[in-house]
Amino acid sequence: MQFVKRKIKQRFLFSLISLTLYFSFALNWTEFGSALRARIGESHITGSLVIFISLIVLFILLELLFIRLANKQDADHQRLAP
Amino acid sequence: MTLRRAYQILAWVAIWLHSPATFAAAGDLSGEVQRQGVNPVAIVIFLLFVVATLLVSYWASKRTASSQDFYTAGGQITGAQNGAAIAGDYMSAASFLGISGLVFLGGFDGLVFALGALAGWPIMVFLLAKRVRNLGTCTFIDVLSVRLDRNRIRLVTILSTLVIVILYLIAQMVGAGKLIQLLFGLPYEVAVGAISILVLAYITFGGMLAATWIQIIKAVLLIAGVSIIAFMVLKTFEFSLEDLLATAAEKHPKGAAVLAPGLLFKEPIQVLTIMVSMLFGTLGLPHILMRLFTVPNMHEAKKSAFYASVFIGYFYLALIIVGFGAVALLYGNPTYYDAAGQLIGGSNMVAIHLTTAIGGSVLTGFISAVSFATILAVVAGLTVTGAAAISHDLYAEVLRQGKPNPRRELQLARIMTVAIGVIAVLLGILFQNENVAFIATMPMVVSASVNFPILFLSLFWAGLTTKGAIVGALVGLLSSIILIIVGPQVWVSVLGFDKALFPYDYPALFTLPLALLSAWAFSKTDRSERATQDRNNYHSLLLQSELAEQSQEASMAATKS
């Protein structure tokens, strides 16, 4: 049961991180996000665009990390199980 | 024009994005479309696709002997294949043409839908994939009935599944008919009939195996097509993203504002309503959840969700280039505008025009054919899901209490496939001149407000009871339908009132919490005998959902030794 509880905590932690990152994207449309809308240096690339690309990459990396962790934990649990 | 047109596009994009299938002829779907000249390359490539997919269906039909084969391809699809098929559901013509059109009109704001489509996948992996896979056999409704009263909960969720599938199909068929008019110059009725006949040929015989392989083929073609377009756009700007964005800012009527948020959406709540509908809608779509059962084990299910994210992520990153490429290369180019100064075919045609601008008629023909193919693939997946709701969930599990005649169940699944195909054609023709934008909005909102809340609570809250789940589902269903009706899509655009009673098109931000709250309140106050049983069932469900895979592997190892 401890194993299951740990897995649930992990599920919610990863979900919370993802949802926080996801909904923070809406900050782009607030006063707080005015800094994000600015161009980076002399280029035409805006902070908003960088955040969009970063979020896509981050989501994929989070999934990869979660799957690796889950697979390792499952393997360990199976090895230690009586 | 831009704001009204943008709103129409938004509604279409929302569904197609997820359904994965779609795009629409930029806001012109409710009226007459401008028929285009026939592109012979498109016809040839599309015919090749049809022949290839019919051969796939013939091959699949030889391997579809049982109802399990029909619903879930016998669980023999690998993780990578299933990931490509799921991605095929998402990387629709809608995503491709719709988001490109949105970026063309509203710049950065168009990307909100792309993020919403992708962000559902990590949550699917973290929260749902393993548990749904370990508890169900064919549909997500199996999962709910593990701990709740199987008959009552099945009847409610069959209703929500059919509402989602039928609305989706109407939107798909109307959109497809109009799109094919635009791309191939075929009459609307012929286009809708052709789609239905092809889908019936695929699914009636090949079931989910055929649907999956058709999605895989389409996904590969679409990724190839988008990659070629993105490459050629970058080549035009000597592989300088800075030059591309600078030209886009120079050509767009709103200037550099096109590169930052704020052209389409003015307030964060408006953005949040879309984000909530897109993310949680994805997590409750019955045809997407059904794909978790087409792989042989949990490991492959997780792999497939991960591969899907990689494909979808790549696709949306490429769409940034395509969208801003269209802004840079089409604005001010008279070749793609009519005498009235409107973009020919509407904003959803920008990706096609961009393709012509950089690749000529051969590449345009290829992309047009892939766009048509994408609709076929999505309609195929929806048809299997609708058929399974009747033949598996209603006939086999409710009427036959889980002990159906296997031959009769398979027969019924095939009959229901034909019935759904016929219904889709009839509704497609019936709604052809209607403003169906609100129909396109509904599936995502209903999915987020009905399916997701009860699926989530049944998996993660021990206190959920059958009564609470049913009340939550019905509150979610009714509130989402009512708020869509009194919202801008129906109240203003369809019924002609000056001002909407509810200001947002996507009410899931409000209806999802309402459904959760109702389910919680009615479960908490439920003192029935069934409620005690439902609560007691949670512990075994928890262990089964987390450990079923390991128990199976351990018993297999023990058997071998």
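Look up: the structure comes first, before these words.
Since this is a predicted model, take the numbers as computed values, not measurements.

> Any chance you could break down the overall build of chain A for me, citing the residues and the numbers?
The secondary structure content of chain A amounts to three helices and zero strands. For 82 residues, the compact-globule formula gives about 12 Å, and the C-alpha radius of gyration of chain A, at 18 Å, lies well above that figure. Its C-alpha atoms put chain A at 60 × 20 × 10 Å along the principal axes. Long-range pairs, those at least 24 residues apart, make up 56% of the contacts in chain A between residues at least 6 apart in sequence. Accessible surface, chain A: about 4,600 Å² in total, of which carbon and sulfur atoms supply 70%. Separation of charge centres in chain A, based on 10 positive and 5 negative side chains, amounts to 11 Å.

> Account for the overall build of chain B, naming residues and giving values.
Within chain B, the regular secondary structure consists of 20 helices and zero strands. Out of the 561 residues belonging to chain B, those deemed buried represent 66%. Long-range contacts, defined as pairs at least 24 residues apart, comprise 83% of the intrachain contacts of chain B with a sequence gap of at least 6. Roughly 18,000 Å² of accessible area belongs to chain B as shown, and the carbon and sulfur atoms make up 66% of that amount.

> An account of helix 1 (residues 2–24) of chain A is needed here, citing residue identities and associated values.
Given a rise of 1.5 Å per residue, 23 residues ought to cover 33 Å, and the 33 Å separating the end C-alpha atoms of helix 1 of chain A matches this to within 8%. Of the residues making up helix 1 of chain A, those classed as buried are Phe 3, Val 4, Lys 7, Ile 8, Gln 10, Arg 11, Phe 14, Ser 15, Ser 18 and Tyr 22 of chain A.

> Give a detailed account of the interface of chain A and chain B, specifying residues and quantitative values.
Taken together, the 43 residues of chain A in the interface contact 59 residues of chain B. In this assembly, chain A packs against chain B so that about 4,400 Å² is buried in total across both faces, 77% of it on carbon and sulfur atoms. For chain A, the biggest contributors to the area lost against chain B are Arg 11, Tyr 22 and Trp 29 of chain A; these three give 18% of the whole. The salt bridge partner of Arg 11 of chain A is Glu 546 of chain B, with a shortest N-O separation of 2.9 Å. Where chain A packs against chain B, one counts ten residue pairs in polar contact (both at pLDDT 80 or more). For the side of chain A that touches chain B, the secondary-structure elements that each account for two or more residues are helix 1 and helix 3 (47–80) of chain A. Among the residues forming the side of chain A that touches chain B, the class breakdown is 25 nonpolar, eleven polar and seven charged.

> Break down the packing of aromatic side chains for me, with residues and values.
Going through the model one piece at a time under the given rule, you end up with 24 aromatic pairs over all chains. Both rings, one in Tyr 307 of chain B and one in Phe 311 of chain B, keep their centres 6.5 Å apart while their planes meet at 25°; by these two values the pair is stacked. With Tyr 307 of chain B and Phe 311 of chain B both in helix 13 (residues 298–330) and four residues apart, this pair spans about one turn of that helix. On the accessibility criterion, Phe 311 of chain B (27% relative accessible area) is partly exposed. Put simply, the rings of Phe 12 of chain A together with Phe 280, Phe 452, Phe 456 and Phe 460 of chain B pair up and form one aromatic cluster.

> Which residues make up the side chain of Ser 196 of chain B, and what values do they have?
Mapped onto the elements, Ser 196 of chain B comes out in helix 9 (residues 188–236). Sequence-distant contacts of Ser 196 of chain B, defined by excluding residues within four places in its chain, comprise Met 173, Gly 421 and Val 425 of chain B.

> A description of the pattern of salt bridges should follow, citing residues and the corresponding values.
Residue and element names in this part refer to chain B. Tallied over the full model, the rule gives 13 salt bridges over all chains. Linking Glu 546 and Arg 131 is a salt bridge whose minimum nitrogen-to-oxygen distance equals 3.1 Å. Remark: Arg 131 occurs in helix 6 (residues 111–135) and Glu 546 occurs in helix 20 (residues 529–560); sequence separation between them is 415 residues. Like Glu 546, the residue Arg 131 is buried in the burial classification. For Asp 393, the salt bridge is made with Arg 154, and the minimal N-O distance between the two is 2.7 Å. Here Asp 393, found in helix 14 (residues 350–399), pairs with Arg 154, found in helix 8 (residues 150–184); they are 239 residues apart in sequence, far enough to count as distant. By sharing partners, the salt bridges in this structure join Asp 142, Arg 150, Arg 154, Asp 393 and Glu 397 into a single network.

> Report on the packing of helix 4 (residues 79–90) of chain B against helix 13 of chain B, specifying residues and quantitative values.
Residue and element names in this part refer to chain B. In the contact formed by helix 4 and helix 13, the axes pass within 7 Å of each other and the chain directions differ by 45°. Considered as vectors, helix 4 and helix 13 are oriented oblique to each other. As helix 4 runs across helix 13, the sense of the crossing is right-handed. Here helix 4 contributes Gly 79, Ala 80, Asn 82, Gly 83, Ala 84, Ile 86, Ala 87 and Tyr 90 to the contact with helix 13, which in turn contributes Glu 300, Lys 303, Ser 304, Tyr 307, Ala 308, Phe 311, Ile 312 and Tyr 316. Residues that form the contact of helix 4 with helix 13 fall into these classes: ten nonpolar, four polar and two charged.

> Give me the lowdown on the packing of helix 1 of chain A against helix 6 of chain B, citing residues and values where you can.
Helix 6 of chain B packs onto helix 1 of chain A with a crossing angle of 175° between their chain directions and a minimal axis gap of 10 Å. Overall, the two elements helix 1 of chain A and helix 6 of chain B adopt an arrangement that is roughly antiparallel. Of helix 6 of chain B, the residues touching helix 1 of chain A (which contributes Lys 7, Ile 8, Arg 11, Phe 12, Phe 14, Ser 15, Ser 18, Leu 19 and Tyr 22 of chain A) are Leu 115, Gly 116, Ala 119, Pro 122, Ile 123, Val 125, Phe 126, Leu 127, Lys 130 and Arg 131 of chain B. Broken down by class, the residue content of the contact of helix 1 of chain A with helix 6 of chain B amounts to twelve nonpolar, three polar and four charged.

> Residues and numbers for unusual backbone geometry, please.
All names here are of chain B. Positive phi values are uncommon outside glycine, yet Glu 238 reaches one of about 50°. For Glu 238, the position within the fold is in the loop between helix 9 and helix 10 (241–251). In the Ramachandran plot, Phe 239 falls in the positive-phi region, its phi being about 60° despite a non-glycine side chain. With respect to the helices and strands, Phe 239 occurs in the loop between helix 9 and helix 10.

> I'd love a proper account of a nonpolar patch on the surface, names of residues and values included.
Residues and elements named next belong to chain A. Nonpolar side chains collect at one region of the surface, where Ile 53, Val 57, Leu 61 and Leu 64 lie side by side and expose about 290 Å² of accessible area between them. With respect to the element layout, Leu 64 can be found in helix 3. A relative accessible area of 32% means that Leu 64 is categorised as partly exposed.

> Kindly report on the nonpolar core, identifying the contributing residues and their values.
Residues and elements named next belong to chain B. By size, the foremost hydrophobic cluster in this structure holds 202 residues, and its most contacted members are Phe 96, Ile 195 and Tyr 316. Looking at which element gives the most residues to this core, the answer is helix 14, with 23 residues. Once residues lying within four places of it in the same chain are set aside, the contact partners of Ile 195 are Met 173, Ala 176, Ile 180, Phe 372, Ile 375, Leu 376 and Val 379. Grouped together as the second largest cluster of nonpolar side chains are five residues, Leu 483, Val 486, Trp 491 and Phe 502 included.

> Quick one: what's the story with the environment of Leu 427 of chain B, residue by residue and with numbers?
Residue and element names in this part refer to chain B. Tracing the backbone shows Leu 427 in helix 15 (residues 406–430). The spacing of Leu 427 and Val 174 is 253 residues in sequence and 8.5 Å in space, taken between C-alpha atoms. Excluding anything up to four places from it in sequence, Leu 427 contacts Ile 166 and Ile 170.

> Can you tell me about the side chain of Ser 480 of chain B, naming the residues and giving the values?
All names here are of chain B. Positionally, Ser 480 belongs in helix 17 (residues 466–485). A residue is classified by how much of its surface remains accessible, and Ser 480, at 0% relative accessible area, is buried. Polar contacts involving the side chain of Ser 480 include one to the main-chain carbonyl oxygen of Gly 476, which spans 2.7 Å. Setting aside residues up to four positions removed in sequence, Ser 480 forms contacts with Val 445, Val 446, Ser 449, Pro 507 and Thr 511.

Rules and cut-offs
- Residues numbered from 1 in each chain as written.
- Chains lettered and ligands numbered in written order.
- Predicted model: local features only at pLDDT ≥ 70, side-chain atom pairs only at ≥ 80, totals over all residues.
- Heavy atoms only, no water.
- Helix = DSSP H or I, 4+ residues; strand = E, 2+ residues; numbered from the N terminus.
- Rg over C-alpha atoms; globule rule 2.2 N^0.38 Å.
- Contact = heavy atoms within 4.5 Å.
- Areas by Shrake-Rupley, 256 points an atom, 1.4 Å probe, with all protein chains shown as cover.
- Lys, Arg positive; Asp, Glu negative; His and termini not counted.
- Charge placed at Lys NZ, Arg CZ, Asp CG, Glu CD.
- Buried < 20%, exposed > 50% of the residue type's maximum accessible area, 1.4 Å probe, protein only.
- Expected span 1.5 Å × (residues − 1).
- Buried area = accessible area lost by both parts, 1.4 Å probe.
- Salt bridge = Lys/Arg side-chain N within 4 Å of Asp/Glu carboxyl O.
- Polar contact = N/O pair within 3.5 Å; in protein donor to acceptor, adjacent residues only side chain to side chain.
- Nonpolar A, V, L, I, M, F, W, Y, C, P; charged D, E, K, R; others polar.
- Phe/Tyr/Trp six-rings, centres within 6.5 Å; stacked < 30°, edge-to-face > 60°.
- Axes fitted to C-alpha atoms, helices over the stretch in contact; angles between N-to-C directions.
- Parallel < 35°, antiparallel > 145°, perpendicular 65-115°, else oblique.
- Left-handed = near helix turned anticlockwise from the far one by under 90°.
- Patch = residues over 30% accessible without salt bridge, like charges linked within 9 Å, V, L, I, M, F, W, Y side chains within 5 Å.
- Core = buried A, V, L, I, M, F, W, Y, C linked by side-chain atoms within 4.5 Å.

Remember, this is a structural readout, not a statement about activity or role.
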